[in-house]
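The residues making up each chain are set out below.
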Amino acid sequence: SHCHLVGVQGDRGSVSGLATMGFLEKINLSFARMITGDVYRRLAQVGLRYEDLYIETADVQLALSRLPKEALIAREQRLKRAMDLSMKHKFLPDDIVQLHIEQSASRSYLTPHLEAIKAAKQEKFLSPGSIGNPYDWSP
């Protein structure tokens, strides 16, 4: 949920809630970008992509089953290399890390399949005679 500030007393008087929210949202966005960049860098140091760490729910397993064989093999190799590097307390060279960061940010290999699965489920559950939307948790 969002934090609503109606009026914050500062050095120069009252600041409107809208202006304050805009400022706080900008700080949040900057912080989120910094954290996201740090996560991508840490994963890249051991050769992983963010999507390699998805918990293998039924949807993720289905998405993985839709990947080409080469993509599955590459994922398995990244996971094995990451475990090996972690056990040795080593990281990949900086040039390789930068390459992994660029690839991870520009190419998503699992998300398009997950989005297609979600869309298919929504279509199925919203069709006549269905029990409802599986992603709608409202009472």
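Only a predicted model underlies this, so the values are computations on that prediction, with no experimental measurement involved. (Residues numbered from 1 in each chain as written. Predicted model: local features only at pLDDT ≥ 70, side-chain atom pairs only at ≥ 80, totals over all residues. Heavy atoms only, no water.)

1. So, the nonpolar core
The biggest cluster of nonpolar side chains holds 9 residues, and these are Leu43, Ala44, Val46, Leu48, Ala82, Leu85, Leu92, Val97 and Ile101. Within the residue set of this core, elements represented by two or more residues are helix H1 (17-45), helix H3 (69-88) and helix H4 (94-106). If we skip the residues at most four places from it in the chain, Val46 touches Arg78, Arg81, Ala82, Leu85, Lys90, Phe91 and Leu92. Core analysis: the next-biggest nonpolar cluster, separate from the first, contains 7 residues, Leu64, Leu67, Tyr109 and Leu110 among them. (Core = buried A, V, L, I, M, F, W, Y, C linked by side-chain atoms within 4.5 Å. Buried < 20%, exposed > 50% of the residue type's maximum accessible area, 1.4 Å probe, protein only. Helix = DSSP H or I, 4+ residues; strand = E, 2+ residues; numbered from the N terminus. Contact = heavy atoms within 4.5 Å.)

2. Brief notes about the packing of aromatic side chains
Evaluated as defined, the whole model comprises 2 aromatic pairs. Seen in terms of ring centroids, Tyr40 and Tyr50 are 6.2 Å apart; in terms of plane orientation they differ by 55°. Their pairing is tilted. One end of the pair, Tyr40, is in helix H1; the other, Tyr50, is in the loop between H1 and helix H2 (58-65), and 10 residues separate them in sequence. Since its relative accessible area comes to 26%, Tyr40 is described here as partly exposed. Taking the relative accessible area as the measure of exposure, Tyr50 reaches 43% and is therefore partly exposed. (Phe/Tyr/Trp six-rings, centres within 6.5 Å; stacked < 30°, edge-to-face > 60°.)

3. So, the confidence of the model for the protein chain
On average, residues of the protein chain carry a pLDDT of 81, and 76% of them reach 70 or more. Mean pLDDT across the elements of the protein chain bottoms out in strand S1 (residues 7-10) (40) and peaks in H3 (96). Across residues 1-18, confidence stays below pLDDT 50; counting only partners more than four residues off in sequence or on other chains, it has 18 contacts. (pLDDT = per-residue confidence, 0-100.)

4. Re the pattern of salt bridges
All chains considered together, the criterion is met by 5 salt bridges. For the salt bridge of Asp59 with Lys121, the shortest nitrogen-to-oxygen distance reads 2.6 Å. Note that Asp59 is positioned in helix H2 and Lys121 in helix H5 (residues 111-126), a separation of 62 residues in sequence. Residue classification places Lys121 among the partly exposed positions, given a relative accessible area of 31%. Among the salt bridges present, the one from Lys88 reaches Asp84, with a minimum N-O distance of 3.1 Å. Here Asp84 and Lys88 lie together in helix H3, a separation of 4 residues that amounts to about one turn. For Asp84, a relative accessible area of 36% corresponds to the partly exposed category. (Salt bridge = Lys/Arg side-chain N within 4 Å of Asp/Glu carboxyl O.)

5. Quick look at H2
Every buried residue belonging to H2 is among Val60, Ala63 and Leu64, and all of these are buried. Buried residues of H2, seen end-on, are gathered within an arc of 100° and therefore sit on one face of the element. Those residues of H2 that are exposed and angled more than 90 degrees off the buried face are Ala58 and Ser65. Against the buried residues of H2 lie H3 and H5. (Arc of directions from axis to C-beta.)

6. Quick notes on the environment of Asp52
Locating Asp52 in the fold gives a position in the loop between H1 and H2. With 23 residues separating them along the chain, Asp52 and Arg75 place their C-alpha atoms 6.7 Å apart. Beyond its immediate stretch of four places on either side in the chain, Asp52 contacts Arg75, Arg78, Leu79 and Tyr109. In this structure the side chain of Asp52 is engaged in a polar contact, spanning 2.4 Å, whose partner is the side chain of Tyr109. (Polar contact = N/O pair within 3.5 Å; in protein donor to acceptor, adjacent residues only side chain to side chain.)

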